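Report on the structure
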Amino acid sequence: MAEILSYEQVDICYNGVPAVKDVSFALQKSEILVIAGESGSGKSTLIRAAMGLLGKQGQVTRGDIWYQGRNLPDLSRRELRRICGAKIGMIFQNAGASFCPNRTVGKQLYESLKAHEPITKEAFYRKAEVQMKKLGFSDAKGILDSYPFELSGGMQQRVGIAAAMLPEPEILLADEPTSALDVYIQKQVVEELLMIRREYGTSMILVTHNLAVARRMADRMLIMKDGQIVEQGSVAQIFAHPACAYTRQLLAAVPELRR
Amino acid sequence: METVLEVRNLTKTFPKRGSREALEAVADVSFRIEPGECLAVIGGSGSGKTTVAKMITRLLPADSGQIFLMGEEITHAKGKALRTIYRKMQMVFQTPAESFDPRRTLGESAAESLCNQGIGKAEAASRVQELFLRCGLPEEYLMRYPHEVSGGQCQRAAIARAAVLHPALLILDEATSALDMTVQKEILELLSELRREEGMTYLFISHDIALVQQFCDRVLVMDQGRMIEEGTPDEVIRAPRQEYTKRLIESIL
């Protein structure tokens, strides 16, 4: 196994207030790593830092985030743009909100892919249709010709994921990708992400507060609280033998379905 | 004892944009809630759960059908009559911060409903303080503004504000969905306690079926505006009769 992205003693502050403290971990090739924790624990901040998405107030104040021998926080905007999107993709809680409402989905995906690689419109549509079929979309052409508002929230989310996968990034970062969806669609999105890993061997970091999603998807988990990692381990280990009191409290709070 | 709430053939349609057909958000929904019961309404997004709650609380007029609260018809209640109704029925919504006036302290907002019922300021203040304490909010929280407290604390204040009137029926529309798991657990414990001590009746709208199984006595399943199945949580979860319910339950990870 090879480390593909590694965080080393990372501190992140917003306006001088620490949000993440001394976090170290590494993402392995083709691994799904879940970062779980409650609101304000710093889990989103952690993956946003890799993409340079901390905003004006946020800053990595100590430590390194290594990708292919380069420290991401040290890169210029321009260098970062070459990596983000193309090599490291990201999806958010509400992918539908990042679409422009008055252009078709296909036009927008074409534009975003063109920013990373030279491609003709025809080639793009061929590629997009093939890829969306692979991810289980039955009517890829119909979706590409739709406006975002013509798709349901769940479908928008799935299209957002397909869009992030178009440049075939090595790493996919996902920030609460299923939290705004109802259970039925949540399951479809989980299946889609698992299929991406099967088809492309993509490594993923998934941030979620939903432990059921974590259990279904993760190989390994980090539990965060107040900006620090309080526990990390394999999914089996964390669910069966949580070492930290906070992890136990978190697990106990999840209502379990008695079938 | 008297049935707390009865809903008969409730229907609501909304105009659909760019189409002549109307969207049937709620179609011919009927059910009853008995005293002390906790009734859950579950279903996917867009199934009509919230629209039902909005019609019961009279935030949205029903197209047709009838609503009875403690035996009295409230379908077309207005003005003063509504005020009496809100003494018996209160609601708590998903995003607590949005249901408080941002310019007023939590204590002021909570006391307002009592003052509306003609209770003096001093008594209102002391009753609110007592309820805040029971909901796990120390005295200093009375003076805080909604943006100065966490989501969980704000939801506690919303429950305190609703409970201070000792309503017979509390309508909870996804009241714990926006909260962290550990906070959700605390809020549910608070609701169970209020139910035990005050004998409150709940209409609990949620998309979280595991939660409903733990917390509710009876479940109604909604799909596309219709009530498609009813039973105890164990009946509905272990032996769903409808295809939609089956799918819903199989989707739970």
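Residues numbered from 1 in each chain as written. Chains lettered and ligands numbered in written order. Predicted model: local features only at pLDDT ≥ 70, side-chain atom pairs only at ≥ 80, totals over all residues. Heavy atoms only, no water.

1. Looking at the overall build of chain B
- Looking only at helices and strands, chain B features nine helices and 10 strands.
- A compact globule built from 253 residues would reach a C-alpha radius of gyration of about 18 Å, and chain B, at 18 Å, matches this within 12%.
- Taking the principal axes of its C-alpha atoms as reference, chain B extends roughly 55 × 45 × 40 Å.
- Here chain B holds 253 residues, and 53% of them are scored as buried. (Helix = DSSP H or I, 4+ residues; strand = E, 2+ residues; numbered from the N terminus. Rg over C-alpha atoms; globule rule 2.2 N^0.38 Å. Buried < 20%, exposed > 50% of the residue type's maximum accessible area, 1.4 Å probe, protein only.)

2. A short note on the layout of surface pockets
Residues and elements named next belong to chain A.
- Empty space within the second largest pocket amounts to approximately 910 Å³.
- Lining the second largest pocket are 30 residues, with Cys-84, Gly-85, Met-90, Ser-112 and His-116 positioned closest to its centre.
- Of all elements in the fold, only helix H2 (77-83), strand S6 (88-91), helix H3 (105-114) and helix H6 (153-165) reach the threshold of two or more residues within the lining of the second largest pocket.
- Each residue belonging to the lining of the second largest pocket can be placed in one class, and the counts come to 18 nonpolar, seven polar and five charged. (1 Å grid on protein atoms, 1.4 Å probe; cavity = no way out; pocket = protein on both sides within 12 Å on 5 of 7 lines; lining within 4 Å. Points joined across faces, edges and corners; volume = space filled by probe spheres on them. Nonpolar A, V, L, I, M, F, W, Y, C, P; charged D, E, K, R; others polar.)

3. Describing the interface of chain B and chain A
- Contacts between the two partners involve 23 residues from chain B and, on the opposite side, 22 residues from chain A.
- At the boundary of chain B with chain A, total buried surface from both sides reaches about 2300 Å², with 58% on carbon and sulfur atoms.
- There are zero salt bridges connecting chain B and chain A.
- The interface formed by chain B and chain A includes 10 residue pairs in polar contact (both at pLDDT 80 or more).
- Of all the elements, helix H7 (residues 209-215) of chain B adds the most residues to the side of chain B that touches chain A, at five residues.
- Of the residues that constitute the side of chain B that touches chain A, the class distribution is nine nonpolar, seven polar and seven charged. (Contact = heavy atoms within 4.5 Å. Buried area = accessible area lost by both parts, 1.4 Å probe. Salt bridge = Lys/Arg side-chain N within 4 Å of Asp/Glu carboxyl O. Polar contact = N/O pair within 3.5 Å; in protein donor to acceptor, adjacent residues only side chain to side chain.)

4. With respect to the environment of Ala86(A)
Residues and elements named next belong to chain A.
- Mapped onto the fold, Ala-86 is located in the loop between H2 and S6.
- Considered as a pair, Ala-86 and His-241 are 155 residues apart in the sequence and their alpha carbons are 38 Å apart.
- What Ala-86 contacts, discounting residues up to four positions off in sequence, is His-116, Pro-167, Glu-168 and Pro-169.

5. Re the nonpolar core
- One finds Phe132(B), Leu191(B), Tyr202(B) and Phe204(B) to be the most contacted residues of the largest nonpolar core, which totals 56 residues.
- Looking at this core element by element, the count peaks at seven residues for helix H5 (residues 151-163) of chain B.
- Beyond its immediate stretch of four places on either side in the chain, Phe132(B) contacts Leu106(B), Gly107(B), Ala110(B), Leu137(B), Tyr141(B), Leu142(B), Ala157(B) and Ala160(B).
- Ranked by size, the runner-up nonpolar core spans 50 residues in total, among them Ile32(A), Val159(A), Ala164(A) and Phe239(A). (Core = buried A, V, L, I, M, F, W, Y, C linked by side-chain atoms within 4.5 Å.)

6. Overview of the side chain of Thr104(A)
All names here are of chain A.
- Positionally, Thr-104 belongs in the loop between S6 and H3.
- You can call Thr-104 buried: its relative accessible area is 12%.
- Once residues within four sequence positions are removed from consideration, Thr-104 is found in contact with Leu-144, Asp-145, Ser-146 and Tyr-147.

7. Concerning the pairing of strand S6 (residues 89-92) of chain B
Residues and elements named next belong to chain B.
- Judged by which residues are buried, S6 turns out to be covered on both faces: Met-89 and Met-91 on one side and Gln-90 and Val-92 on the other are all buried.
- Bridge count between S6 and strand S7 (residues 169-173): four bridges; the pairing is parallel. Opposite Gln-90, over in S7, you have Leu-170 as the bridge partner. (Pairing = 2+ DSSP bridges.)

8. Digging into the packing of H5(B) against helix H6 (residues 181-198) of chain B
Residues and elements named next belong to chain B.
- Remark: H5 packs on H6, axes separated minimally by 10 Å, with the N-to-C direction vectors making an angle of 15 degrees. Classed by the angle they form, the pair H5 and H6 counts as roughly parallel. By crossing handedness, the relation of H5 to H6 is classed as right-handed. Contacts between H5 and H6 involve Gly-152, Gln-155, Arg-156, Ile-159 and Ala-163 from the first element and Val-183, Glu-186, Ile-187, Leu-190, Leu-191 and Leu-194 from the second.
- The class makeup of the residues in the contact of H5 with H6 is seven nonpolar, two polar and two charged. (Axes fitted to C-alpha atoms, helices over the stretch in contact; angles between N-to-C directions. Parallel < 35°, antiparallel > 145°, perpendicular 65-115°, else oblique. Left-handed = near helix turned anticlockwise from the far one by under 90°.)

9. Describing the sheet that holds strand S5 (residues 72-73) of chain B
All names here are of chain B.
- Strand order in the open sheet formed by four strands is S2-S1-S4-S5, and the pairing between neighbours is antiparallel. Taken across any chain shown, the strands that pair with only one partner, and hence form the sheet edges, are strand S2 (22-33) and S5.
- Each of strand S1 (5-15), S2 and strand S4 (64-69) touches helix H1 (residues 49-56); the most contacted strand, S1, lies at about 115 degrees to it.

10. Quick look at the sheet that holds strand S9 (residues 220-225) of chain A
All names here are of chain A.
- In space, the six strands of this open sheet follow the order S6-S7-S8-S3-S9-S10, with mixed pairing throughout. Unpaired on one side and paired on the other, S6 and strand S10 (228-234) mark the two borders of the sheet. Neighbour-to-neighbour, the strand axes of this sheet turn through a mean angle of 15 degrees, independent of strand direction.
- Bridge count for strand S3 (residues 32-37) against strand S8 (residues 203-208) is five bridges, and the pairing is parallel. Looking at S8, one finds that Val-34 is bridged to Leu-206.
- Strand contacts of H6: S6 and strand S7 (171-175), with the helix running at about 170 degrees to S6, the strand carrying the most contacts.
- Of the strands in this sheet, S3, S6, S7 and S8 touch helix H7 (residues 183-200), which is tilted by about 160 degrees from S8.

11. Here we look at the pattern of salt bridges
- Under the counting rule described, the total for this entry stands at 31 salt bridges over all chains.
- Across the pair Arg215(A) and Glu256(A) runs a salt bridge, and its minimum N-O distance is 3.9 Å. Here Arg215(A), found in helix H8 (residues 211-217), pairs with Glu256(A), found in the segment after helix H10 (245-252); they are 41 residues apart in sequence, far enough to count as distant.
- Accessibility expressed as a relative area gives 45% for Arg215(A), which makes it partly exposed.
- Taking relative accessible area as the criterion, Glu256(A) reaches 52% and is therefore assigned exposed.
- Here Glu123(B) ties to Arg127(B) by a salt bridge, and the two come within 3.5 Å at their closest N and O atoms. With a gap of four residues between them, Glu123(B) and Arg127(B) both fall in helix H4 (residues 121-134), about one helical turn apart.
- Three or more residues are tied together by salt bridges with common partners; here these are Glu6(B), Arg8(B), Arg32(B) and Glu34(B).

12. A look at the UniProt feature "domain: ABC transporter" (unreviewed entry) in chain A
- Those residues carrying the UniProt feature "domain: ABC transporter" (unreviewed entry) are residues 5-251 of chain A in this numbering.
- Secondary structure content for residues 5-251 of chain A is 39% helix and 28% strand, while the C-alpha to C-alpha distance between its ends is 28 Å. (UniProt positions renumbered as here; feature names shortened; annotations may be inferred.)

13. Details of the state of the cysteines
- One pass over the full model with this rule turns up zero disulfides over all chains.
- Cysteine Cys216(B) is unpaired, with the sulfur of Cys38(B) as its nearest cysteine sulfur at 3.4 Å. (Disulfide = S-S within 2.5 Å.)

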